[in-house]
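# Summary of structural features
One-letter residues, chain by chain:
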Protein chains: 2
Amino acid sequence: MTTAPRLLLASASWGRKKILSEAGLDFGTQVSSVDEDLVLAEAEATHGSQSPAQTALLLARAKAENVASHEHPAGTLVLGCDSVFELNGMAYGKPHTTAVARERWHQLSGATGILHSGHWLIDVSNPQEARGEVSSTIVHFATVSPAEIEAYVASGEPLPCAGAFTIDGLASAFIHSIEGNYQNVVGLDVSVLRKLLDQNGTAITELWK
Amino acid sequence: MTTAPRLLLASASWGRKKILSEAGLDFGTQVSSVDEDLVLAEAEATHGSQSPAQTALLLARAKAENVASHEHPAGTLVLGCDSVFELNGMAYGKPHTTAVARERWHQLSGATGILHSGHWLIDVSNPQEARGEVSSTIVHFATVSPAEIEAYVASGEPLPCAGAFTIDGLASAFIHSIEGNYQNVVGLDVSVLRKLLDQNGTAITELWK
């Protein structure tokens, strides 16, 4: 018996921690040390160009495997996640600067994108049966004015966000609708986690606080 | 000039306050005193049976008009909201008891419902141009086990919720996907609020804190 939470999130993402907390789950976090560019480059060298969905699953798996390779109590379930935003077939990451965020929003206004989140779950006591799934949510953006874009970019909120938007923040006003799982847009589809846990023989309700 | 927030939410709903806060809006709240059953009965006597969407708009308007009838600073924008959950053409409210919540979830498992939220915005300085809109979001529920239903009902979380579910709580694990606006499921579509404000000549960014 251990008092450490069974679920271990291989991520420092504030959004993912919020989702797991709101879903009532008992979990710990351990940040992975993965060189994402290297992982992607190796995959592309071996398997050719990776789609945004493939990239999200690849990096989720790399993060989970990195954290699972450390010492953990028996039965620990390591969850790796990675999100990639796709617009017109291209993958977009964090804008980092106001100039890039502004340019991005002139593309997003009135457009439709897809947020892919990869999920990879490893039971450290049974690592050969690790499994993963990508969840893809279509996001429809409202047509926004240049003044709204300036105000949003000036808030600083989009700079550290994949896709340059926050569906659970100021940009909620600018997102008309979605098709797919909501929490997935923030970075973690709880219904997919439930399914992966189920395939492991664990009911998600067992992990409720 | 006044220091009171221009936006006044005619609701005590915790979920709606959370949405407006996360959307970065400066707002006050004033709870309406509307006899919802009476309002609905009067409408049905005059106009016949009201659909779930019509009911949501009717009650949103009644709440907004009730609060707007009190004294407010010039330019105050009163927002009324009401949510109705529709399953198989029937409107469902809060289950209140564990027995009703359990019965409801045996219907929800694997089913698809619609969450309608009515929105009504009144500028107290220009009340004849009040306007409203209903936003309807389709909600697809996962197939859940009897044990999961028992655990969820025992948590108490569904009892005070229209439709007996919490998309931003424990039930996030049981909701596969949605089609439409996410915040609308919690009770207030921020993109609809943006549109209503816009028609009033107010950019939502002006209300950001």
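Residues numbered from 1 in each chain as written. Chains lettered and ligands numbered in written order. Predicted model: local features only at pLDDT ≥ 70, side-chain atom pairs only at ≥ 80, totals over all residues. Heavy atoms only, no water.

### Topic: the pattern of salt bridges
Residues and elements named next belong to chain B. Using the following cut-off: Every case where a carboxyl oxygen of Asp or Glu lies within 4 Å of a side-chain nitrogen of Lys or Arg is listed as a salt bridge. Helical segments are the DSSP runs of H or I of at least four residues, strand segments are the runs of E of at least two, and each set is numbered from the N terminus. Throughout this description, buried means an accessible area under 20% of the type-specific maximum (1.4 Å probe, protein chains only), exposed means over 50%, and partly exposed covers the range between.
Under the definition given, this model contains 18 salt bridges over all chains. Here Glu36 makes a salt bridge to Lys63, at a shortest N to O gap of 3.9 Å. Note that Glu36 is positioned in helix H2 (residues 36-47) and Lys63 in helix H3 (residues 52-68), a separation of 27 residues in sequence. On the basis of relative accessibility, which here comes to 32%, the residue Glu36 falls in the partly exposed class. The class of Lys63 is buried, set by a relative accessible area of 9%. Put simply, Asp82 and Lys63 hold a salt bridge, and the shortest N to O gap is 2.9 Å. With Asp82 in strand E3 (residues 77-87) and Lys63 in helix H3, the pair connects residues that are 19 residues apart, well separated along the chain.

### Description of the relation of the copies chain B and chain A
Our working rule: Each copy is superposed on the other by least squares, with the fit set by C-alpha atoms of residues at a pLDDT of at least 70 in both. The contact criterion used is simple: two residues touch if any of their non-hydrogen atoms lie within 4.5 Å.
Mapping chain B onto chain A calls for a rotation angle of 180° and an axial translation of 0.0 Å; the resulting RMSD is 0.0 Å. Here the two chains are linked by the operation of a two-fold rotation axis. Among all residues of chain B, the minimum C-alpha distance to the rotation axis is found for B:Glu179, at 2.2 Å. A shared interface surface links the copies, since 100% of the contact residues of chain B are contact residues in chain A too.

### Topic: the packing of aromatic side chains
In plain terms, the rule: The aromatic pairing rule takes the rings of Phe, Tyr and Trp, using the six-membered ring of Trp, and pairs them if the centres are within 6.5 Å, calling planes under 30 degrees apart stacked, those over 60 edge-to-face and the rest tilted.
Counted according to the given criterion, the structure contains 19 aromatic pairs over all chains. Between A:Phe85 and A:Phe165, the ring centres sit 5.2 Å apart and the planes meet at 65°, which makes this aromatic pair edge-to-face. Within this pair, whereas A:Phe85 is found in strand E3 (residues 77-87), its partner A:Phe165 is found in the loop between helix H5 (146-155) and strand E7 (175-180), the two being separated by 80 residues in sequence. No difference in accessibility class separates A:Phe85 from A:Phe165, as the two residues are buried. Between A:Trp105 and A:Tyr152, the aromatic rings sit 5.4 Å apart at their centres with planes inclined by 80°, giving edge-to-face as the arrangement. In this pair, A:Trp105 sits in helix H4 (residues 98-108) while A:Tyr152 sits in helix H5, placing the two residues 47 residues apart along the sequence. Here the two residues A:Trp105 and A:Tyr152 agree in accessibility, since each one is buried. Taken together, the aromatic side chains of A:Phe85, A:Trp105, A:Phe141, A:Tyr152, A:Phe165, A:Phe174 and B:Trp208 make up a single cluster linked through ring pairs.

### Side note on the packing of helix H2 (residues 36-47) of chain A against helix H3 (residues 52-68) of chain A
All names here are of chain A. Using the following cut-off: For helices, the fitted line uses only the C-alpha atoms of the stretch in contact; every axis is such a line through C-alpha atoms, and the angle between N-to-C directions lies from 0 to 180 degrees. Here is the rule for angles: anything less than 35 degrees is roughly parallel, anything more than 145 is roughly antiparallel, 65 through 115 is roughly perpendicular, and the remaining ranges are oblique. By convention the crossing between two helices is left-handed if the near helix lies anticlockwise of the far one by an angle smaller than a right angle, and right-handed if it lies clockwise. Residues were grouped as follows: Ala, Val, Leu, Ile, Met, Phe, Trp, Tyr, Cys and Pro as nonpolar; Asp, Glu, Lys and Arg as charged; and all remaining residues, including Gly, as polar.
Running from N to C, H2 and H3 cross one another at 120°; their axes reach a closest spacing of 10 Å. By the angle between their axes, H2 is oblique relative to H3. In the crossing of H2 with H3, the sense of the turn from one axis to the other is right-handed. Note on element contacts: H3 touches H2 through Thr55, Leu58, Leu59, Ala62 and Lys63, opposite Glu36, Val39, Leu40 and Ala43. A per-class count over the contact of H2 with H3 returns 6 nonpolar, 1 polar and 2 charged.

### Structural notes on the interface of chain B and chain A
For clarity, the threshold we go by: When two components associate, each loses some accessible surface as probed by a 1.4 Å sphere; the sum of these losses over both components is called the buried area. By the criterion applied in these results, polar contacts are pairs of N or O atoms within 3.5 Å in which, for protein atoms, one can donate a hydrogen and the other can accept it, and in which residues neighboring in sequence qualify only through two side-chain atoms.
The partner chain A presents 33 residues to the 33 residues of chain B that form the contact. Taking both sides of the interface into account, the surface hidden between chain B and chain A amounts to around 2,600 Å²; carbon and sulfur atoms contribute 54%. Here chain B is connected to chain A by 4 salt bridges. Note that A:Arg194 is salt-bridged to B:Glu148, the shortest N-O span being 2.8 Å. Our count for the chain B to chain A interface comes out at 14 residue pairs in polar contact (both at pLDDT 80 or more). Where the side of chain B that touches chain A is concerned, the elements lending two or more residues are helix H1 (14-22), helix H5 (146-155), strand E7 (175-180), helix H6 (182-186) and helix H7 (190-199) of chain B. Residue contributions to the side of chain B that touches chain A peak at 6 residues, all from E7(B). Looking at side-chain class alone, the side of chain B that touches chain A contains 15 nonpolar, 12 polar and 6 charged residues.

### Some words on the pairing of E7(A)
The criterion, for reference: Here, any two strands with at least 2 DSSP bridges between them count as paired.
Bridge count for strand E6 (residues 131-141) of chain A against E7(A) is 4 bridges, and the pairing is antiparallel. Note that in E7(A) the partner of A:Val139 across the bridge is A:Ile178. Note that E7(A) and E7(B) share 3 bridges and pair antiparallel. If you follow A:Glu179 over to E7(B), its bridge partner there is B:Glu179.

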